[in-house]
Amino acid sequence: MKKNPVYIFAITGVFLTSCITSPPTEFTQRHIQTKTSFGLLEISSFDIYTEDNALHLLISGTSSKNTNLVSVRYLKSIDQGEHWSKPVDIGTNPPTPLASRGNDVQIAARGDDIISLWQVQGEIPNNGPLVSFLSHDSGKSWHQGKNPAADNNGDQSHIDLIVDTLGYFHAVWLSDPEENGYQSLRYSQSVDYGENWHPPLKLDESTCSCCSNTLALSPNGAIHVLYRDMKPRDMAMLTSIDNGISWQDKKIMGNFNWQFDGCPHVGGGLTFDHSNNFYSSVWTGFSGMSGLYTVSNSQTVKIGKNATHSDIIAMNDRIIVVWDEIQPGGTAIFSSQSFDNAMSWSTPQRLSDSGSTATHPRIIASNTNAQVFWTEKMNQQQSKLVMTWLD
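Scoring rules and cut-offs
Residues numbered from 1 in each chain as written. Predicted model: local features only at pLDDT ≥ 70, side-chain atom pairs only at ≥ 80, totals over all residues. Heavy atoms only, no water. Helix = DSSP H or I, 4+ residues; strand = E, 2+ residues; numbered from the N terminus. Rg over C-alpha atoms; globule rule 2.2 N^0.38 Å. Buried < 20%, exposed > 50% of the residue type's maximum accessible area, 1.4 Å probe, protein only. Contact = heavy atoms within 4.5 Å. Areas by Shrake-Rupley, 256 points an atom, 1.4 Å probe, with all protein chains shown as cover. 1 Å grid on protein atoms, 1.4 Å probe; cavity = no way out; pocket = protein on both sides within 12 Å on 5 of 7 lines; lining within 4 Å. Points joined across faces, edges and corners; volume = space filled by probe spheres on them. Nonpolar A, V, L, I, M, F, W, Y, C, P; charged D, E, K, R; others polar. Core = buried A, V, L, I, M, F, W, Y, C linked by side-chain atoms within 4.5 Å. Pairing = 2+ DSSP bridges. Axes fitted to C-alpha atoms, helices over the stretch in contact; angles between N-to-C directions. Salt bridge = Lys/Arg side-chain N within 4 Å of Asp/Glu carboxyl O. Phe/Tyr/Trp six-rings, centres within 6.5 Å; stacked < 30°, edge-to-face > 60°.

Notes on the overall build of the protein chain
Looking only at helices and strands, the protein chain features zero helices and 30 strands. At 20 Å, the protein chain has a C-alpha radius of gyration in line with the 21 Å of a compact globule built from 391 residues. Considered along the principal axes of its C-alpha atoms, the protein chain spans approximately 50 × 45 × 40 Å. Of all 391 residues assigned to the protein chain, the portion counted as buried reaches 57%. Within the protein chain, residue pairs in contact and separated by at least 24 positions form 51% of the contacts whose partners lie at least 6 positions apart. As displayed, the protein chain offers around 16,200 Å² of accessible surface, 49% of which is attributable to carbon and sulfur atoms.

Observations concerning the layout of surface pockets
Taken as a whole, the second largest pocket encloses approximately 210 Å³ of empty space. In terms of lining, the second largest pocket is formed by 14 residues, of which the most central are Ile 124, Asn 127, Asn 153, Gly 154 and Asp 155. For the lining of the second largest pocket, the residue count by class is three nonpolar, seven polar and four charged.

A word on the environment of His 265
Relative to the helices and strands, His 265 is located in the loop between strand E18 (251–252) and strand E19 (269–272). Overall, the relative accessible area of 48% leaves His 265 in the partly exposed class. His 265 sits 55 residues away from Cys 210 along the chain, and the two C-alpha atoms are 5.2 Å apart. Here His 265 is in contact with Cys 210, Cys 211 and His 309, once residues within four sequence places are set aside.

Section: the nonpolar core
Counting 41 residues, the largest nonpolar core has Leu 58, Trp 118, Leu 185 and Val 225 as its most contacted members. Residues in contact with Val 225, not counting those within four places in the same chain, are Val 172, Leu 185, Leu 203, Thr 214, Leu 215, Ala 236, Met 237, Leu 238 and Trp 247. Judged by nonpolar contacts, the second largest core, of 16 residues, contains Trp 258, Tyr 279, Val 301 and Ala 332.

Comments concerning the sheet that holds E19
Within the open sheet, the four strands sit side by side as E19-E20-E21-E22. Their pairing is antiparallel. Of all the strands in the sheet, just E19 and strand E22 (300–304) have a single pairing partner and so form its edges. Shown here is a sheet whose adjacent strand axes are inclined to one another by a mean of 20 degrees, direction ignored. Bridge count for E19 against strand E20 (residues 278–284) is four bridges, and the pairing is antiparallel. Looking across to E20, one finds that Leu 270 is bridged to Ser 280.

Focus: the environment of Lys 65
The topology assignment puts Lys 65 in the loop between strand E4 (54–62) and strand E5 (70–77). Taking the C-alpha atoms as reference, Lys 65 lies 9.8 Å from Glu 42; in sequence the two are 23 residues apart.

As for the side chain of Ser 71
Topologically, Ser 71 is positioned in strand E5. Judged by its relative accessible area of 12%, Ser 71 is buried. Residue contacts for Ser 71: discarding those within four places in its chain leaves Leu 40, Ile 59, Ser 60, Gly 61, Ser 63 and Asp 89.

As for the pattern of salt bridges
Within this structure, the stated rule accounts for eleven salt bridges. Here Lys 35 makes a salt bridge to Glu 376, at a shortest N to O gap of 2.6 Å. Of the two residues, Lys 35 sits in the loop between strand E2 (29–32) and strand E3 (45–51) while Glu 376 sits in strand E29 (residues 370–378), which places them 341 residues apart along the sequence. Using a relative accessible area of 27% as the deciding quantity, one classes Lys 35 as partly exposed.

As for the environment of Arg 318
Structurally, the position occupied by Arg 318 is in strand E24 (residues 318–327). What makes Arg 318 buried here is its relative accessible area of 11%. Separated by 45 residues in the primary sequence, Arg 318 and Asp 273 place their C-alpha atoms 9.1 Å from one another.

So, the packing of aromatic side chains
In this structure the tally under the stated criterion is nine aromatic pairs. Summarising the aromatic geometry, the rings of Trp 118 and Phe 133 are spaced 5.4 Å apart at their centres and angled 10 degrees between planes, so their arrangement reads as stacked. Placement of Trp 118 in strand E8 (residues 113–119) and of Phe 133 in strand E9 (residues 130–135) is noted, with a sequence separation of 15 residues between them. When sorted by exposure, Trp 118 lands in the same class as Phe 133, which is buried. Taking the centre distance of 6.1 Å and the plane angle of 15 degrees together, the rings of Trp 323 and Phe 334 count as stacked. Here Trp 323 is found in strand E24, whereas its partner Phe 334 is found in strand E25 (residues 330–338), with eleven residues between them in sequence. Considered together, Trp 323 and Phe 334 belong to a single accessibility category, that of buried residues. In textbook terms, an aromatic cluster arises when at least three aromatic residues are bridged by ring pairs, as seen for Trp 258, Phe 260 and Trp 283.

Focus: the pairing of strand E23 (residues 307–315)
Burial analysis of E23 places eight of its nine residues in the buried class, which makes it a mostly covered element. Inspection of the sheet shows E23 paired to E24 by seven bridges, in the antiparallel sense. The residue bridging Ser 310 from the neighbouring strand is Trp 323, located in E24. Connecting E23 to the next strand, E24, in antiparallel fashion are two residues, including Asn 316 with a positive phi near 55 degrees.

This is the structure:
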């Protein structure tokens with residue numbers, strides 16, 4: 001197994017009172033595709049995964065007003081989301097999915113092999129194990145796989161899933177199989193496209209039980225996971241440089257030292273540039289400092305007091321962060337970009353329509369542009385998926 005060189009991150013606790021500058025150039029929002037639910041009555045959860053020139057989309061939601069049945073569907077695009085394949089229903093007979101924004105369905109793909117993961121209803125309401133479904137023919141057909149948690153004990157939630165350049169799939173989730181009364185961060189990997197999973201590892205004994213986790217790969221092959229720690233309730237990052245066999249000591253992102261005994265329901269974003277420098281977007285509720293921040297190797301910058309759920313991407317010569325923010329009349333999606341390695345950020349640009357409740361944005365990048373996805377609900381209407389392109 002190839003070993004990667006060790007590298008060290010220096011994270012500072014420097015806070016800036018203002019982060020808004022005028023960048024050399026502004027990106028433009030090309031257009032918003034017609035909001036869609038892809039045949040579902042509403043979309044309650046989604047995940048998007050980019051692989052070469054393909055986009056893999058997994059959505060879940062109810063399909064009819066006359067039934068409480070929750071469907072999970074897969075779609076693929078080979079033209080950056082301009083057109084999508086016919087939706088394929090996955091797992092029509094398993095227990096009810098418990099997917100929702102912040103505890104979303106998950107998907108990752110490598111060639112013809114695709115793994116999907118989500119939480120399903122167990123014996124206790126709003127509590128249950130993971131379930132996996134696999135495709136080895138580019139999403140045309142699916143069959144149920146094994147649970148990466150190895151058993152169905154306890155509550156298994158807040159999953160993330162990624163695949164590396166070797167075709168190994170990596171998964172993280174929160175669970176408490178020992179019934180300690182708090183969730184822990186677990187990890188497993190599959191080297192045979194999801195047919196089998198390695199025995200799960202416990203990466204952190206105690207974590208926040210309600211915040212999403214984020215996996216990311218750096219160009220040097222290291223695996224990273226961003227999650228919310230228990231004490232303090234700051235976001236933390238763990239790194240493995242030996243393909244998940246061992247993990248380095250966690251690094252606190254921002255050093256807010258937020259002491260809080262509750263559930264903020266806010267995760268974060270994590271990305272790496274070509275030089276293996278990391279950039280994260282994290283939220284804190286610490287008194288006097290509450291809001292969304294970007295944290296990099298050398299700088300912590302405040303994005304906004306009212307900004308919460310976020311995602312971030314490194315793209316060519318810039319870093320782009322997206323987030324949702326409470327506005328008069330609803331919650332809106334905003335974006336900003338940096339051309340100086342996240343030292344300063346452009347004036348926020350609103351992406352979502354006024355009068356709507358838009359939440360939990362995701363951003364992906366291609367060679368030429370970035371795409372932002374989110375769910376949006378207009379007054380007295382069902383939630384739909386929205387996509388926009390940033391050139």
